[in-house]
Amino acid sequence: MVEQQKKDSFWSLVKKGNKSSGSAALGNTGIALIKGIAFALTGSGSMFATMMHSIADAVNQVFVFAGSVLAEKKPTKRFPTGFGRVINLFCMVAVIVVTIMAYETALEGIHLLQHPAESTHGFWINVVVLILSLVVDGFVWSKAMKEVLHESRVEAKGFDIFTSAFRNVGRAAPPTRLVFYEDLVATTGGVLALLAVVVTSLTDFKLLDGISSILIGCLMVGVAFRVGYDNMVGLIGVSAPPDIEEHVASIILADTHVTDIYQMRILQEGRYYHVEGLIELTPGMTLADADDIKFRVEDALLRDPNISDAALGILEDDGIKNWKPEKPKV
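From a predicted model like this one, the values you see are computed outputs, not experimental measurements.

(A) Representation of the overall build of the chain in the model. In terms of regular secondary structure, the chain is built from 10 helices and four strands. Each helix (α) and strand (β) of the chain, taken in turn from the N terminus, gives the series α-α-α-α-α-α-α-α-β-α-β-β-α-β. Here the chain holds 330 residues, and 45% of them are scored as buried. Approximately 17100 Å² of the chain is accessible, and the part contributed by carbon and sulfur atoms is 66%.

(B) Region of interest: empty space enclosed by the protein. Under the defined criterion, the tally for this structure stands at one cavity of 30 Å³ or more. Volume-wise, the largest cavity comes out at about 30 Å³. As for the largest cavity, its lining consists of Arg153, Ile244, His247, Val248, Tyr273, Asp304, Asn306 and Ile307. Residue contributions to the lining of the largest cavity peak at three residues, all from helix H9 (residues 242-253). For the lining of the largest cavity, the residue count by class is four nonpolar, two polar and two charged.

(C) Representation of the side chain of Ser164 in the model. With respect to the element layout, Ser164 can be found in helix H6 (residues 160-168). At 3.1 Å, the side chain of Ser164 and the side chain of Arg167 are in polar contact. Once residues within four sequence positions are removed from consideration, Ser164 is found in contact with Leu149, Val154 and Ala156.

(D) Focus on the pattern of salt bridges. Within the structure shown, the criterion is met by two salt bridges. Arg296 serves as the salt-bridge partner of Asp255, at 2.8 Å between the closest nitrogen and oxygen. You can see Asp255 sitting in the loop between H9 and strand S2 (258-269) and its partner Arg296 sitting in helix H10 (residues 287-302), a full 41 residues away along the chain. For Arg296, a relative accessible area of 42% gives the class partly exposed. Its salt-bridge partner being Arg265, residue Glu276 comes within 2.9 Å of it at the nearest N-O pair. Remark: Arg265 occurs in strand S2 and Glu276 occurs in strand S3 (residues 272-281); sequence separation between them is 11 residues.

(E) Inspection of the packing of aromatic side chains at higher detail. As enumerated under the stated definition, the model contains seven aromatic pairs in all. Centroid distance Trp141 to Phe180: 6.0 Å. Interplanar angle 55°. Geometry classified as tilted. With Trp141 in helix H5 (residues 123-151) and Phe180 in helix H7 (residues 174-202), this pair connects stretches of sequence that are 39 residues apart. As far as the burial class goes, Trp141 and Phe180 line up, both buried.

(F) Structural view of the pairing of S3. Of all 10 residues making up S3, eight are buried, and the element is well covered by its neighbours. Strand direction decides the pairing type here: S3 and strand S4 (residues 307-316), joined by nine bridges, are parallel. Within S4, the residue paired with Ile279 across the bridge is Ile314. Where the polypeptide runs from S3 across H10 and back to S4, its parallel neighbour, the crossover connection is right-handed.

Cut-offs and rules
Residues numbered from 1 in each chain as written. Predicted model: local features only at pLDDT ≥ 70, side-chain atom pairs only at ≥ 80, totals over all residues. Heavy atoms only, no water. Helix = DSSP H or I, 4+ residues; strand = E, 2+ residues; numbered from the N terminus. Buried < 20%, exposed > 50% of the residue type's maximum accessible area, 1.4 Å probe, protein only. Areas by Shrake-Rupley, 256 points an atom, 1.4 Å probe, with all protein chains shown as cover. 1 Å grid on protein atoms, 1.4 Å probe; cavity = no way out; pocket = protein on both sides within 12 Å on 5 of 7 lines; lining within 4 Å. Points joined across faces, edges and corners; volume = space filled by probe spheres on them. Nonpolar A, V, L, I, M, F, W, Y, C, P; charged D, E, K, R; others polar. Polar contact = N/O pair within 3.5 Å; in protein donor to acceptor, adjacent residues only side chain to side chain. Contact = heavy atoms within 4.5 Å. Salt bridge = Lys/Arg side-chain N within 4 Å of Asp/Glu carboxyl O. Phe/Tyr/Trp six-rings, centres within 6.5 Å; stacked < 30°, edge-to-face > 60°. Pairing = 2+ DSSP bridges. Right-handed = clockwise from strand over helix to strand, strands pointing away.

Laid out in structure tokens, this is it:
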């Protein structure tokens with residue numbers, strides 16, 4: 001019976017894992033294998049660069065998915081604030097992998113600039129594989145965009161999905177941000193690689209093969225820097241954005257006996273939020289009634305799936321309006 005509970009608990013955690021990173025890991029693993037075969041048959045430097053990027057993406061996203069599963073574990077006595085920041089550690093490992101792959105990719109590009117490929121063969125193999133890669137990477141990227149909007153509570157349709165995802169990616173969970181940035185580079189890198197294959201096959205400008213590889217390597221470094229910075233901030237601990245603060249405040253103030261919020265702090269860990277604060281209640285209550293209201297408000301907060309814990313203190317209303325929501329930055 002205990003074993004069954006553990007098994008159910010494990011699978012329930014897996015089901016809660018980040019869907020973007022899970023689907024991206026599967027897609028990039030398949031694409032990396034196909035690109036590896038194409039590179040072995042054609043020797044294209046651009047194919048090597050985009051293959052290395054797909055390998056890096058696949059490894060990263062497996063790590064990140066595993067981290068997102070562990071981050072779903074409930075708080076324990078030893079770890080009372082939960083495991084939300086575990087995902088930041090896994091993302092930092094992913095940054096190291098991307099950086100190594102970026103170095104190898106740029107190194108291959110420099111080698112191709114010094115010793116351009118004498119002949120190009122397997123043109124249609126490269127073209128078909130790169131088009132297939134663009135389709136898969138584009139699909140994964142579009143799914144990541146929708147996940148960004150879902151996690152940031154933004155509604156968008158059509159082309160607005162694209163622009164809104166870029167505006168709100170900083171508010172998404174770390175694994176979703178990583179998939180978004182990596183597949184942005186994967187899609188861009190696929191276009192560069194396809195352009196290089198076509199140009200080097202149809203013209204005498206063979207240096208574009210090396211230039212494309214170096215550019216893809218530089219894009220990977222950009223992703224590593226961006227994701228590394230985001231997760232360093234997450235490990236330190238970052239406050240929730242103003243709209244989340246306003247959302248939490250609206251839940252608290254919805255209770256008719258809550259007159260004001262004396263102070264509040266919301267800490268973001270992964271995709272979850274920890275809420276701490278002091279709330280002011282209508283004067284003249286007994287301590288027992290005030291406690292009941294506090295627990296009722298905390299329960300209301302915990303019904304939000306993105307809030308992992310809430311700790312509120314209570315004060316009697318002092319007649320001074322303390323809660324002044326911060327205006328979101330435009």
